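# Observations on the model geometry
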Amino acid sequence: MNEHFTNMRDLISAFAISMNLINPAMQHHHEQTAYLAYHIGREMGLRGEDLNNTVYAALLHDIGSVVSPEPQGLEEIEAHRHEVAAVGAHMLRDLEGFSTVAEIIGINQNSYLDNLRILGEKHCCSTCMDISQAIHLADAVTSLFVYNVPVLNQVRRICDTVEQGRGTEFSPRALEAFSRCAGREYLWLDVALNPSFLLIFTGSIRSLSLDETVKLTRLMSRIIDYRSAFTAMHSAGVAASARALAELAGMSGEECKMITIAGYLHDVGKLRVPNSILDKPGRLTDEEFNVIKEHPYYTRWILMDIEGFSQIADWAGFHHEKLNGRGYPFHLDAQRLDLGARIMAVADIFSAITEVRPYRAGMNREEAMRVMRGNVENGTLDGALVELLDAHYEQIDGQRERESREAGSRYFKSLEMRAER
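To keep things clear, this report deals only with the structure shown in the data block. (Residues numbered from 1 in each chain as written. Predicted model: local features only at pLDDT ≥ 70, side-chain atom pairs only at ≥ 80, totals over all residues. Heavy atoms only, no water.)

## Thoughts on the overall build of the chain
Put simply, the rule reads: The helix count covers DSSP runs of H or I at least four residues long, the strand count covers runs of E at least two residues long, and both are numbered beginning at the N terminus. Just to be clear, the radius of gyration here is over C-alpha atoms, and the globule rule we use is 2.2 Å times residues to the power 0.38. Each residue is assigned to one of three classes by its accessible area relative to the maximum for its type, calculated with a 1.4 Å probe on protein chains only: buried under 20%, partly exposed between the two thresholds, exposed over 50%. In these tables, accessible area is a Shrake-Rupley quantity obtained with a 1.4 Å probe, and a residue counts as shielded only by the protein chains included in the view. A residue counts as positive if it is Lys or Arg and as negative if it is Asp or Glu; His and the chain ends are not included. A charged residue contributes its charge at one atom only: NZ of Lys, CZ of Arg, CG of Asp or CD of Glu.
On a plain count of helices and strands, the chain comes out with 23 helices and 2 strands. By the compact-globule yardstick of 22 Å for 421 residues, the chain fits well, its C-alpha radius of gyration being 22 Å. Viewed in the frame of its principal axes, the chain has a C-alpha envelope of about 70 × 45 × 40 Å. Classification of the 421 residues of the chain by burial places 56% in the buried group. In the structure as shown, the chain presents an accessible area of about 17700 Å², 51% of it carried by carbon and sulfur atoms. In the chain, 42 positive and 58 negative side-chain charges are present, and the distance between their average locations comes to 1 Å.

## Description of unusual backbone geometry
The omega torsion of the bond from Tyr 328 to Pro 329 falls at 0°, within 30 degrees of zero and hence cis. If you trace the backbone, Pro 329 turns up in the loop between helix 19 (310-317) and helix 20 (339-354). A positive phi is found at His 331, a non-glycine position, where the angle reads about 55°. Relative to the helices and strands, His 331 is located in the loop between helix 19 and helix 20.

## Concerning helix 10 (residues 172-182)
Since there are 3.6 residues in each turn of an α-helix, residues three or four apart along the chain are aligned in direction. Test applied: In this description, the arc belongs to the directions extending from the helix axis to the C-beta atoms.
Residues of helix 10 that are buried include every one of Ala 174, Leu 175, Ala 177, Phe 178, Cys 181 and Ala 182, and no others. Along the axis of helix 10, the buried positions cluster into a sector of 160°, meaning they face one direction only.

## What about the layout of surface pockets?
Short version of the rule: Note on definitions: the grid is 1 Å and covers protein atoms alone; a cavity is a set of points where a 1.4 Å probe fits but cannot get out; a pocket is an open set with protein on both sides within 12 Å along at least five of seven lines; lining residues have an atom within 4 Å of a point. Grid points are joined across faces, edges and corners, and a volume is the space filled by probe spheres set on the points. Only Asp, Glu, Lys and Arg are considered charged, only Ala, Val, Leu, Ile, Met, Phe, Trp, Tyr, Cys and Pro nonpolar, and every remaining residue, Gly among them, polar.
In this structure, the largest pocket encloses a volume near 990 Å³. Taken together, 32 residues form the lining of the largest pocket, with Lys 270, Ile 292, His 320, Tyr 328 and Ala 352 sitting closest to its centre. Counting residues per element, the ones that place at least two in the lining of the largest pocket are helix 16 (275-278), helix 17 (286-293), helix 20 and helix 21 (365-377). The dominant element in the lining of the largest pocket, judged by the number of residues it contributes, is helix 20, at 5 residues. Of the residues in the lining of the largest pocket, the class split is 15 nonpolar, 8 polar and 9 charged.

## Description of the packing of helix 13 (residues 210-225) against helix 15 (residues 253-265)
This is how it is decided: Axis definition: a line fitted to C-alpha atoms, limited for helices to the stretch in contact. Angles are taken between N-to-C directions and run from 0 to 180 degrees. Angle categories are assigned with fixed cut-offs, so that under 35 degrees is roughly parallel, over 145 is roughly antiparallel, 65 to 115 is roughly perpendicular, and the rest are oblique. Handedness of each helix crossing follows the sense of rotation of the near helix against the far helix: counterclockwise by less than a right angle gives left-handed, clockwise gives right-handed. We call two residues contacting when some pair of their heavy atoms lies within 4.5 Å.
Closest axis-to-axis distance for the helix 13/helix 15 pair is 8 Å, and the angle between their directions is 15°. Taken together, the axis directions place helix 13 and helix 15 in an arrangement best described as roughly parallel. Like other packed secondary-structure pairs, helix 13 and helix 15 cross with a definite hand, here left-handed. When helix 13 is examined against helix 15, the residues Leu 210, Asp 211, Thr 213, Val 214, Thr 217, Arg 218, Met 220, Ser 221 and Ile 224 are found in contact with a partner set consisting of Glu 254, Lys 257, Met 258, Thr 260, Ile 261, Tyr 264 and Leu 265.

## Overview of the packing of aromatic side chains
Any pair of aromatic rings gets described here by the distance separating the centres and the angle formed by the planes. To keep it simple, the criterion reads: When two rings of Phe, Tyr or Trp (its six-membered ring) have centres within 6.5 Å they constitute a pair, described as stacked for plane angles under 30 degrees, edge-to-face for angles over 60, and tilted for the intermediate range. Note on geometry: a ring has a charge over it if NZ (lysine) or CZ (arginine) is within 6 Å of the ring centre and within 35 degrees of the ring normal.
This structure, assessed with the given rule, holds 10 aromatic pairs. For the pair Phe 145 and Trp 188, a centre-to-centre distance of 6.1 Å together with 45° between the ring planes defines the contact as tilted. Taken as a pair, Phe 145 in the loop between helix 8 (126-143) and helix 9 (155-163) and Trp 188 in helix 11 (residues 185-193) lie far apart in primary sequence, 43 residues in all. The pair formed by Phe 145 and Trp 188 is uniform in burial state, with each residue classed as buried. Sitting over the face of the ring of Phe 330, Arg 300 holds its NZ or CZ atom 5.4 Å from the ring centroid.

In structure tokens, the structure reads:
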């Protein structure tokens, strides 16, 4: 149960990379903010777990922006920063071990004066306020970067700009810590050049068991699915279907957990696909379908750098491969697709055709099995797995339905929260 499987830093860094996919203009923004917030926090006297929470909260500080009809840039997020913070805190609050990170994210977009009021009302702790101010200041600093100007030639302008918010937008304590950091040229060059790599040198790395990883990747599936009402429950349904099929097919307990993770994360590459394509109910053009074809590649690319995820990356990244070699984007055939990859392909199609979408109802058993068997006949899916699905249909579909409905409920609650604000 408690054996090491992966680590928190790799996993949350992958979350940040995933959010960067939504808008290429935000590339490295979350990593830059995390790296700079870490150093500001150290100068403020933060240590140990508080520094770890600084990095984690900074990497995830814009997570609430995924509940949006279109990808958002920094300007759009800033314009709705309080609702983004509230939704992000809601997404994390019920996740084991993330209550403090959720509290920090809930106030990280507040001004210093707002946080003083909240602290006075005892709605947050002083350490959480210090961390939130470190992140808020780091976020502002990295948002002021101009990428076609040498970074050291921007230091004075950036420092002067944030100094104008002393005592109102930013705490004097955070600004004084930042001022000490600002005199170190290497920090600016670090932030500008390779913050993703440099994050490995910040703080300790918390070990994660396989069970903990399953829980955390359920969060990542929300990032993927919350982009659109069309996909709000898809990853949860794929994970449930894949896990049920894996158990029935005789995979080990560890493999069943790993394939659950692959199900949660199989569509993370779709964060790169515009909503106008994701939400299109009609037939896609060839050009639009070419964009769709990219997503399994990006899924595998994101996951393969996480410690312990090499097999999961393959299972998740190969979910559109076909036994006849005509899938995409890797064109693997039956000889190169193992049981886990075959299960993922079956679970993905089964979940897609049976779940309710805004433009259509899900298929009933007879309709679904007709489609599944058609995919066996045309060389797409493994016939033995499809027959296993048919033999245990009520069990598998029941698990898919329960987890899909739970995911859909969370999604629509987040929408309600955003509308209320």
